[in-house]
Amino acid sequence: MIRIGHGFDVHAFGEGDHLMIGGVRIPYERGFIAHSDGDVLLHAVCDALLGACALGDIGRHFPDTDPHWAGADSRVLLRHVSGLIGDAGYRLGNLDATIIAQAPRLAPHVGAMNATLAADLEASLDTVNVKATTSERLGFTGRGEGIAAQAVVVLLAQDRDAGTRGRASGQGD
Ligand SMILES: Nc1ccn([C@@H]2O[C@H](COP(=O)(O)O)[C@@H](O)[C@H]2O)c(=O)n1
Ligand SMILES: C[C@@]1(CO)OP(=O)(O)OP(=O)(O)OC[C@H]1O
């Protein structure tokens, strides 16, 4: 059994001197306007994971009216969602994500973002792929008003008996 999920998020720029994207702190002349740290990529990934398991969306699990999440590190949200996915009996098959940003240049940071996602989702690095694109100066991202992110995940049913079956047949010893 596989399940597919899609997530999309946008955060506008406001005052600040850095952006949190994919759990990576990127020095920049603007910050994100958000209730949490505004990590647009991790929010899209959370929504994709929740969507795949029919568990609603990030706003349902972490309301932006709840002071507990004010200024929250979005990696905490991601790890919580990852736990929910495990509880539902699924693990990551693979994750593909795109950040739409005219600036800053993100290519130097995607390796660190991939590592963060793999760690928080307890997945291997070769199942995670973050990309960045401009929108060729078109639209709100192209005008430099904010950043958008999209994520798609495939989840696989956890094979709870894999270890014992392997041992019984003499594999994996
Ligand atoms: N914020 C961004 C946007 C893009 N990149 C890298 O540049 C490549 C070309 O982008 P286009 O929008 O012109 O297709 C893209 O593939 C990324 O590698 C980036 O680093 N940061
Ligand atoms: C993450 C939460 C909660 O702090 O707030 P924001 O940081 O504003 O992010 P958003 O993507 O608008 O949605 C979900 C919110 O509930």
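As a starting point, this report considers the structure included with it. All values derive from a computational prediction rather than experimental measurement.

**Considering the overall build of the protein**
- When helices and strands are counted, the protein shows six helices and seven strands.
- Helices (α) and strands (β) of the protein occur, in sequence order from the N terminus, as β-β-β-β-α-α-α-β-α-β-α-β-α.
- In terms of overall size, the protein behaves like a compact globule, its C-alpha atoms giving a radius of gyration of 17 Å where 173 residues would be expected to give roughly 16 Å.
- If you line up the protein on its principal axes, its C-alpha atoms span 60 × 35 × 25 Å.
- The burial tally for the protein puts 45% of its 173 residues in the buried class.
- For the protein, the proportion of contacts with a sequence separation of at least 24, taken over those separated by at least 6, is 71%.
- As displayed, the protein offers around 8,900 Å² of accessible surface, 51% of which is attributable to carbon and sulfur atoms.

**With respect to the site of ligand 2**
- In the region of ligand 2, 13 residues are neighbours, and D9, H35, S36, H43 and F62 sit closest.
- Within the side chain of D9, an N or O atom sits 3.0 Å from an oxygen atom of ligand 2.
- Note that an oxygen atom of ligand 2 is positioned 3.0 Å from one of the side-chain N or O atoms of H43.
- When isolated, ligand 2 has an accessible area of 370 Å², and the protein chains bury 87% of it.
- Looking at the shell around ligand 2, the elements with two or more residues in it are β1 (2-14) and α2 (58-61).

**Some remarks on the pairing of strand β3 (residues 24-27)**
- Residues V24 and I26 line the buried face of β3, whereas the alternating positions R25 and P27 sit on a face that is not buried.
- With four bridges joining them, strand β2 (residues 18-21) and β3 adopt antiparallel strand pairing. Looking at β3, one finds that H18 is bridged to P27.

**A look at the site of ligand 1**
- The environment of ligand 1 is made up of A101, P104, R105, L106, A107, A132, T133, T134 and E136.
- Note that a nitrogen atom of ligand 1 is positioned 2.9 Å from one of the backbone N or O atoms of L106.
- Contact distances for ligand 1 include 2.8 Å between an oxygen atom and a backbone N or O atom of A107.
- Counted by class, the shell around ligand 1 contains five nonpolar, two polar and two charged residues.

**Remarks on the state of the cysteines**
- Here the structure, examined in full by the defined rule, presents zero disulfides.
- The thiol sulfur of C46 is not disulfide-bonded, and the nearest other cysteine sulfur, from C53, lies at 12 Å.
- We classify C46 as buried; its relative accessible area is 1%.

**Structural notes on the sheet that holds β1**
- The sheet built from five strands is open, its strands ordered β4-β1-β7-β5-β6 with mixed pairing. Pairing within the sheet leaves two strands with one partner each, and these edge strands are β4 (31-32) and β6 (128-133).
- Looking at chain direction, β1 and β4 are connected through two bridges and run antiparallel. Across the sheet, G14 pairs through a bridge with G31, a residue of β4.

So, how was this worked out
- The residue count restarts for each chain, going from 1 along the sequence in the order it is written.
- Following the order in which they are written, the chains are lettered starting with A and the ligands numbered starting with 1.
- Side-chain atom pairs in this predicted model are given and counted only at pLDDT of 80 or more, local residue features only at pLDDT of at least 70, and totals for whole chains, interfaces and linings cover all residues.
- Think of the side-chain values as coming from all heavy atoms in the structure, minus any hydrogens and water.
- Helix and strand definitions follow DSSP, with helices as H or I runs of at least four residues and strands as E runs of at least two, each counted in order from the N terminus.
- Only C-alpha atoms enter the radius of gyration; for comparison, a globular chain is expected to reach 2.2 Å times N to the power 0.38, where N is the number of residues.
- Classification of residues uses two cut-offs on accessible area relative to the type maximum, computed with a 1.4 Å probe and protein chains only: under 20% is buried, over 50% is exposed, and between them is partly exposed.
- Any pair of residues with heavy atoms lying within 4.5 Å of one another is described as a contacting pair.
- The Shrake-Rupley method, run with a 1.4 Å probe, gives the accessible areas here. Residue values count only the displayed protein chains as cover.
- The near set for a molecule or strand comprises every residue that places at least one heavy atom within 4 Å of it.
- Whenever a nitrogen or oxygen atom comes within 3.5 Å of another N or O atom, the pair is scored as a polar contact, on the condition that within protein one atom can donate a hydrogen and the other can accept it, and that pairs from neighbouring residues in sequence are kept only if both atoms are in side chains.
- Strand pairing is assigned whenever DSSP identifies at least 2 bridges connecting the two strands.
- Residue polarity is assigned by list, with Asp, Glu, Lys and Arg as charged and Ala, Val, Leu, Ile, Met, Phe, Trp, Tyr, Cys and Pro as nonpolar; anything else, Gly included, falls into the polar class.
- Defined by distance alone, a disulfide is two cysteine sulfur atoms within 2.5 Å.

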